[in-house]
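The primary structure of each chain is shown beneath.
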There are 2 protein chains.
Amino acid sequence: MDKSKFTNHLPLKDVTISDTFWGPIMERVRTQVIPYQWEALNDRIPGAAPSYSIRNFKLAAELTHPEQDYGVPRDIGFGGPVFQDSDAAKWIEAAAYTLVWHPDPALEKTLDDLIDVICNAQQSDGYLDTYYIVTGLEKRFTNLKDHHELYCFGHFLEGAIAYYEATGKRKLLDAIIRYAGCIDRNIGLEPGKLPGYPGHEVAEMALVKLYNITGDKAHLALAKYFIDQRGQAPLYFEKETERNKNDFYWKDSFVRYQYYQAGKPVRDQHTAEGHAVRAAYLYSGMADVAKATGDDSLLEACNNLFNNIAERQMYITGAIGQSAYGEMFTYDYHLPNGTAYAETCAAIGLAFFAKRMSAIAPRAAYADVLERALYNGIISGMSLDGKAFFYVNPLEVIPESCLKDRNCHHVKIERQKWFGCACCPPNLARITASLGSYIHSSRQGAIFTHLFIGSSAKFSPNGANVLVKLETRYPWEGKVEISFGVKEGTKFTYGLRVPLWCKKFSLSLNGADIPYKIEDGYALMDREWKDGDRLTVNFDMGVQFVRANPHVRENIGKTALTRGPVVYCLEEADNGKELFRLHTGSPGDINVKFEKDLLEGVTVIDVTGKREKDWAGGGLYGTDETVFEDRKLRFIPYYAWANRSAGEMAVWVNK
Amino acid sequence: MDKSKFTNHLPLKDVTISDTFWGPIMERVRTQVIPYQWEALNDRIPGAAPSYSIRNFKLAAELTHPEQDYGVPRDIGFGGPVFQDSDAAKWIEAAAYTLVWHPDPALEKTLDDLIDVICNAQQSDGYLDTYYIVTGLEKRFTNLKDHHELYCFGHFLEGAIAYYEATGKRKLLDAIIRYAGCIDRNIGLEPGKLPGYPGHEVAEMALVKLYNITGDKAHLALAKYFIDQRGQAPLYFEKETERNKNDFYWKDSFVRYQYYQAGKPVRDQHTAEGHAVRAAYLYSGMADVAKATGDDSLLEACNNLFNNIAERQMYITGAIGQSAYGEMFTYDYHLPNGTAYAETCAAIGLAFFAKRMSAIAPRAAYADVLERALYNGIISGMSLDGKAFFYVNPLEVIPESCLKDRNCHHVKIERQKWFGCACCPPNLARITASLGSYIHSSRQGAIFTHLFIGSSAKFSPNGANVLVKLETRYPWEGKVEISFGVKEGTKFTYGLRVPLWCKKFSLSLNGADIPYKIEDGYALMDREWKDGDRLTVNFDMGVQFVRANPHVRENIGKTALTRGPVVYCLEEADNGKELFRLHTGSPGDINVKFEKDLLEGVTVIDVTGKREKDWAGGGLYGTDETVFEDRKLRFIPYYAWANRSAGEMAVWVNK
């Protein structure tokens, strides 16, 4: 492992975003999603299924401290799925991130009050999971496979760390550190412990984050144990299922324990398998542990899995998880458009993984996947007003199929207000609110820019402070201006990602050519930077007619339009019904324009394509030649679909 | 309604099949399927799930006549699904048909013995359904929606009629006539009766068949009542569900009571909906009742439904029922290839319907559907050795999808030995064994030939006997010779179907031109026929590159090869993996040859097409042009697929 390539992403507090594209999305998250989510967690959304998340904490606190009274009837029972604690934890995390870039004393007070309740629910040995506190502690740790205790623990950690980093307040962090101690005493290979690991991963990456704060090797060791023990024979989940007579839902499916990525040791896993969100979270944790421990075999496994996803199982939008059944991966090159599950959370998980791989080594293949997911399959999950959400992000929608074809039953034609299982909106909130920490990473003497997001960031490559400012109209325009603020000339390497989609670019410093070398897809400029140095890069933003590898059955004969990082689609609102009858042909005229009043401002692509004409004589089967008519086609960015009327949508179009 | 066009199909006993294509299939049914099925009905197939069908009859007979002892423990309970009686009934029907063309005293003895058992199970009021006889008669007629009593009754009738017609023995027929009386006393609009109808149709057509034997108007009236009452408000099934607290499985599906074709009156049904087998059986019964009663509005409904299927919801193989969920229709022009349910029984049901419509009026559109189903989607259900069966007949198979894509979970890559719900093999047996009655229909002064199957048939157009003999190598060759045997010159109209797929044909009598007129797709020759007259028709059998209507999303840009009535497919055994990468291009060389040693003798089509080459650089998405290489493609008849090694198959191929 080439540790000289290791970088760390800049902490959120060192980056201020001023981007015309992402700024409004972040504001939407801060002003719409987070307040709405708080209401939802408190079961105050009329007509929506209750979350029970806060109620569970209050009930658990009352049961733990009988002197306390939150006004929750003590016999009311646990509400919602077993993993409801994680919803509050994810909300804490997202809200904490916004406090970094938008201080808000009222929100901070709400958080402090919630944290008081949560901490009051904690048991004397550190245990903290309201499901078992309410339903019976004697059953805790009896179903790691499906009962999400360690998943909730991981999200508690993420929330506690974010809040600590935002405010410096340690109350929740210390509580969860105690919970980590409790888990460590109960789970592990030592005699008397359960040799288990999370059924739904996330704790792995959270523990490495914790270790980076505490420096406590026990925290890293627990993360490493979760990774190393996973899938070892005899299979823990198999034994646990037998011992505790738990259900095993995947018994008769080909996926079996690989649903949990727990059917074999992680280093023997070469193909992304099972539940896509779990998989992406595991792989992120593997990357964190590989980096923290310098584990070559683990890094190799990460690269195998990353390549398998990026080269065989990823939709062009950065979405992953082809199958609604099990919300999971299916197999290589199987990328059905209309029945895709493509969960928002899974694309977010893939972004986590790609970010972490970028930190291990800046390599364009990693950041390209991150960017692809961010500009397409992640933000498609939220409406332009921030009030409605997709779980499922298919690449083709025919409304009648969603109603009448059971295989598309999971596909919604309109974003929904909220969900009983509310994982996607909070996940969207936490990645968006922490986007500042995705832009750059640095190491001694070098900084790398992975994403082109208007922002200013400070870092200290060699002790001295450097301010890096990005100005751009990306993704609508390919010009990015990077200016450097230094007290005095400072030597460091600046690495600028050149996206793999970009076939042509120009680079200049203060209006003149600047020498650079390309390494792993980054343009490296190694020099002494002066205050006010202004680097200008122009990425060619030509419209591309992308094809899928011929192994992909679904896209044979089809093309998808992209421009820069943005994937486009056809919508019924612009192009009428039966989008599948449209062909791009070989369009001579391609008209690209920014429409400021359309869909909050998007660049559209208009081309003259063609449409298969109706058969004059009707009938279902015939031998007449296909007859075409010219047809103007309008492509809009995929992420913005379903923000007008409900209707058809297609990313892949006949050539 | 133009009653002058009514015809009746020739009874089975008047037709002898000597066809080189169908003869071996019928022999396979007689020598393999029927004996195997008898063993299955008696739970004597090692390793297969027991049927319990015969055991249920024996148990019911013992319970009805405590003095009898069939050696079945009286507390053993009912076995198998509620409709298991129908399996025995279907076997009786198929076996009876074979007795017509292949007398077999041992088989007849077996049948007589079985009929004795069945009749011993009958209740004193005529009731005869082993499920309720065994589980409690007080519950009978409480779940017409899902408990298949009237379905089993219908199959009893079909079996009893077939056996009566084969042997002249009335014992079973009389028993089932008594059962019809019992149903008539319990179900109907009169006070004190239940205003219900069958949840799974078949009794409608069986009752019209019975009426044609008995002339008893009550039998026709019951059939007409079942048709007319179906779907009338208030919905019987809705009331029955409420009253008896029955489950309603389709409550949350768009299909609801239309799953049973019972959500609205049949005359208001314009689109084929719900369970495909039930639908086709209902429509067949509607056609029978329309013809028997001269009901114009009912005939109009039949034509609407027939056209909806043939022009919007039928696979090119004659298969119907797009969705595995509910084994049902989905919506117009939705014809997915890889996830098709396309149940063998549904194609058989469509053949029943088409046959009946042909009887009402000879019209090529009807017989074309009949022929399409027979040569493709029906016989694909049986292996070439008669020992294994498909329920599901998809138009595209990728083995890995069957394992890993839940949407293809119902698709088998190899025919199975037998099924727990064993509807398809007996249904295949009964249509194949009675094929003689599908070839011609006649009316006063006229005979119409619908199918080109080597055979001799006798009919009496004007009192005098006429022998019509067909000799042909159809479907491999387009030449059909029809010779007439008459004592003396006899005047009648001979109508010969000209298939809609046929773009060119020649017709001659005794080597000379013969005048004819085309009416509704039949070449009509109205003359005095002499003994030894020999009519020769030559249908052009050119290979056709068929397209689907552009409303069919799945087949845009694709073609299917047909030759005569036979639909072709590509198989992995001949063409390698990833059939979806193959294109026909515009093949200059099309090579058609009969391979006598391949797949029991089939005509294959070889063309030079092309294949998309691998991407040199790998990767999932790119902008390079598609590169093709020439590739020999071999097409085999669809019905014969999966008779070599398991592998991919595709009917629709890229152009």
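What counts, and at which threshold
- Residues numbered from 1 in each chain as written.
- Chains lettered and ligands numbered in written order.
- Predicted model: local features only at pLDDT ≥ 70, side-chain atom pairs only at ≥ 80, totals over all residues.
- Heavy atoms only, no water.
- Pairing = 2+ DSSP bridges.
- Helix = DSSP H or I, 4+ residues; strand = E, 2+ residues; numbered from the N terminus.
- Contact = heavy atoms within 4.5 Å.
- Buried area = accessible area lost by both parts, 1.4 Å probe.
- Salt bridge = Lys/Arg side-chain N within 4 Å of Asp/Glu carboxyl O.
- Polar contact = N/O pair within 3.5 Å; in protein donor to acceptor, adjacent residues only side chain to side chain.
- Nonpolar A, V, L, I, M, F, W, Y, C, P; charged D, E, K, R; others polar.
- Buried < 20%, exposed > 50% of the residue type's maximum accessible area, 1.4 Å probe, protein only.
- Axes fitted to C-alpha atoms, helices over the stretch in contact; angles between N-to-C directions.
- Parallel < 35°, antiparallel > 145°, perpendicular 65-115°, else oblique.
- Left-handed = near helix turned anticlockwise from the far one by under 90°.
- Domains from an automatic or database assignment.
- Phe/Tyr/Trp six-rings, centres within 6.5 Å; stacked < 30°, edge-to-face > 60°.

1. Regarding the pairing of strand β14 (residues 534-539) of chain B
- Summarising the sheet, strand β8 (residues 479-486) of chain B and β14(B) pair through five bridges and their orientation is antiparallel. Residue pairing for β14(B): B:Val480 is matched across the bridge by B:Val537.

2. Describing the interface of chain A and chain B
- Contacts between the two partners involve 59 residues from chain A, matched on the other side by 59 residues from chain B.
- With both chains or domains summed, chain A and chain B bury close to 4,900 Å², and 54% of this area falls on carbon and sulfur atoms.
- The largest per-residue losses of area from chain A upon contact with chain B belong to A:Arg547, A:Leu620 and A:Tyr621, which jointly make up 17% of the total buried on that side.
- Taken together, the connections running from chain A to chain B amount to two salt bridges.
- One salt bridge connects B:Glu396 with A:Arg553, and the closest N-O pair in it is separated by 3.0 Å.
- Linking chain A with chain B are 32 residue pairs in polar contact (both at pLDDT 80 or more), by the criterion used here.
- Looking at the side of chain A that touches chain B, its residues break down into 23 nonpolar, 17 polar and 19 charged.
- Here two bridges tie strand β15 (residues 543-548) of chain A to strand β21 (residues 621-622) of chain B, and the two strands are oriented antiparallel to one another.

3. So, the pattern of salt bridges
All names here are of chain B.
- This structure, assessed with the given rule, holds 89 salt bridges over all chains.
- The salt bridge involving Arg30 is made with Glu27; its shortest N-O contact spans 3.1 Å. Of this pair, Arg30 and Glu27 both sit in helix α1 (residues 22-41), three residues apart, which is roughly one turn of the helix.
- Note that Arg644 and Asp574 form a salt bridge whose closest N and O atoms lie 2.6 Å from each other. Here Arg644, found in the loop between β22 (628-637) and β23 (649-650), pairs with Asp574, found in helix α17 (residues 572-575); they are 70 residues apart in sequence, far enough to count as distant.
- Note on Asp574: relative accessible area 27%, which makes it partly exposed.

4. Topic: the sheet that holds strand β10 (residues 505-509) of chain B
- Ordered by their spatial adjacency, seven strands build an open sheet running β2-β6-β7-β8-β14-β10-β11 (chain B), and the pairing between neighbours is antiparallel. At either margin of the open sheet sits one strand with a lone partner, and together these are β2 (15-17) and β11 (512-513) of chain B.

5. Thoughts on the packing of helix α3 (residues 84-101) of chain B against helix α4 (residues 105-121) of chain B
All names here are of chain B.
- Interhelical geometry of α3 versus α4 gives an angle of 150° and a closest axis separation of 11 Å. In terms of axis orientation, α3 runs roughly antiparallel to α4. Every pair of crossing elements has a handedness; the one defined by α3 and α4 is left-handed. Across from Trp91, Ile92, Ala95, Thr98 and Leu99 in α3, the residues of α4 making contact are Leu107, Glu108, Thr110, Leu111, Leu114 and Ile118.

6. Some words on the environment of B:Ile482
Residues and elements named next belong to chain B.
- Within the secondary structure layout, Ile482 lies in strand β8.
- Assessed through its relative accessible area of 0%, Ile482 is described here as buried.
- Beyond its immediate sequence surroundings of up to four residues, Ile482 is in contact with Val468, Lys469, Leu470, Tyr494, Leu496, Asp533, Arg534, Leu535 and Val537.

7. Observations concerning the domain arrangement of chain A
- Taken as a whole, chain A is organised into domain 1 (51-229), domain 2 (446-539) and domain 3 (545-654).
- Computed from C-alpha atoms alone, the centre-to-centre distance between domain 1 of chain A and domain 2 of chain A is 40 Å.

8. Some remarks on the sheet that holds strand β5 (residues 446-449) of chain A
- Here six strands make up an open sheet; going across it, the order is β1-β4-β5-β9-β13-β12 (chain A) and the pairing mixed. Edge positions in the open sheet fall to β1 (8-9) and β12 (517-519) of chain A, since each of these has one partner strand only.

9. Considering the packing of aromatic side chains
Residues and elements named next belong to chain B.
- Counted by the stated rule, this structure contains 86 aromatic pairs over all chains.
- On the basis of an interplanar angle of 90° and a centroid distance of 5.0 Å, the ring pair of Phe306 and Tyr366 is categorised as edge-to-face. Taken together, the residues span a long stretch of sequence, with Phe306 in helix α12 (residues 296-313) and Tyr366 in helix α14 (residues 364-378) at a distance of 60 residues. Of the two residues, Phe306 and Tyr366, both sit in the buried class.

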